[in-house]
Amino acid sequence: MRASLIQIAVDPDEPVNSRRQRVASLVREQRERHGADLVVLPELWPTGAFAYESFVDEAEPLEGPTYEAMAEAAAAAGVWLHAGSIVERDPEGPLYNTSLVLSPAGELVRAYRKIHRFGFDQGEAVMMGAGEELVTVTAAGLTFGLGTCYDLRFPELFRGLVDAGAQAFVVPAGWPARRREHWTLLARARAVENQAYVLACGTAGTHAGVEQAGHSVVVDPWGEVLAEAGLAEEVLVVDLDPAKVTTTRDRFPALKDRRLR
């Protein structure tokens with residue numbers, strides 16, 4: 001199966017509705033231009049991951065304006081779409097950093113509320129609730145486990161996803177440039193230790209004065225980098241082979257030697 005990762009530049013001067021339409025256009029063209037089966041977007045691209053002062057005003061229902069624009073785009077292109085994440089307003093609870101996965105028919109298949117909130121008692125860590133559910137989804141022949149940005153630092157989450165059947169991980173992010181080396185290192189580590197693909201899709205640009213790392217990356221189950229973006233807006237197109245996960249795990253069966261759960 002073929003995946004397109006769209007590393008979006010978030011310009012604070014670009015109106016949110018304009019950005020939604022621009023991103024929807026990028027999603028729609030991935031099937032025709034690249035033959036994509038799956039399209040992946042970054043974390044909190046409608047608002048900017050560090051634009052905390054906008055979270056309350058820009059929060060939306062699960063099936064709000066971002067979902068509507070992305071559902072239309074996914075259906076028009078006929079692709080699976082991991083639509084990155086939004087600031088979700090739960091009518092009966094707090095805000096959440098929530099990822100949306102849509103089918104080629106534009107239907108909301110799964111939603112994942114970010115479990116590990118970043119901020120050390122500031123920003124997201126105090127403004128948003130913590131998710132509690134591990135989420136996987138099978139799309140285009142692969143079972144994907146879902147994580148978001150800061151989750152990448154917590155290997156136990158990914159072990160749990162492997163136990164739930166994950167062969168690949170999708171990790172949208174708004175990762176800061178000053179810790180870019182951690183981003184690439186952790187993406188490769190999660191791939192190697194779980195013998196799974198990692199599709200890590202970040203943002204470009206600057207969010208609320210925080211320069212973004214860019215460098216979206218796709219890593220194979222042996223830890224090899226298949227594609228890596230630069231700092232600017234860019235699309236990565238990569239072919240993923242489910243058989244490679246099986247072969248890697250069969251030839252080097254480290255997961256079978258686990259003693260601690």
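About the cut-offs
Residues numbered from 1 in each chain as written. Predicted model: local features only at pLDDT ≥ 70, side-chain atom pairs only at ≥ 80, totals over all residues. Heavy atoms only, no water. Pairing = 2+ DSSP bridges. Helix = DSSP H or I, 4+ residues; strand = E, 2+ residues; numbered from the N terminus. Axes fitted to C-alpha atoms, helices over the stretch in contact; angles between N-to-C directions. Parallel < 35°, antiparallel > 145°, perpendicular 65-115°, else oblique. Left-handed = near helix turned anticlockwise from the far one by under 90°. Contact = heavy atoms within 4.5 Å. Buried < 20%, exposed > 50% of the residue type's maximum accessible area, 1.4 Å probe, protein only.

A. View of the pairing of strand 11 (residues 204-207). Where strand 2 (residues 9-10) and strand 11 come together, two bridges link them in parallel fashion. When the sheet's bridge partners are listed, Val-10 is paired in strand 11 with Gly-205. When strand 11 meets strand 12 (residues 210-211), the two strands line up antiparallel, connected through two bridges. By the bridge assignment, Thr-206 is partnered in strand 12 with Glu-211. As consecutive antiparallel partners, strand 11 and strand 12 are separated by two residues, and within that stretch Ala-208 has a phi angle of approximately 50°, a positive value.

B. Expanded view of the packing of helix 1 (residues 16-34) against helix 3 (residues 65-77). The interhelical angle for the contact between helix 1 and helix 3, taken along N-to-C directions, is 20°, at an axis separation of 8 Å. With respect to helix 3, the axis of helix 1 lies roughly parallel. For the pair helix 1 and helix 3, the sense of crossing is right-handed. Taken together, the residues of helix 3 that come into contact with helix 1 (itself represented by Arg-20, Gln-21, Val-23, Ala-24, Val-27, Arg-28 and Arg-31) are Pro-65, Thr-66, Ala-69, Met-70, Ala-73, Ala-74, Ala-76 and Ala-77.

C. Region of the structure containing the sheet that holds strand 12. An order of 2-11-12 is seen for the three strands of this open sheet, with the pairing classed as mixed. The open sheet is flanked by strand 2 and strand 12, the only strands paired with a single partner.

D. Structural context of the environment of Phe-55. Here Phe-55 is to be found in helix 2 (residues 55-58). We classify Phe-55 as buried; its relative accessible area is 0%. Spatially, the C-alpha atoms of Phe-55 and Arg-89 are 9.6 Å apart, while their sequence positions differ by 34 residues. When neighbours within four sequence positions are excluded, Phe-55 is seen to be in contact with Leu-44, Thr-47, Gly-48, Ala-49, Val-87, Leu-95, Met-127 and Met-128.

Honestly, it's all geometry; don't read function into it.
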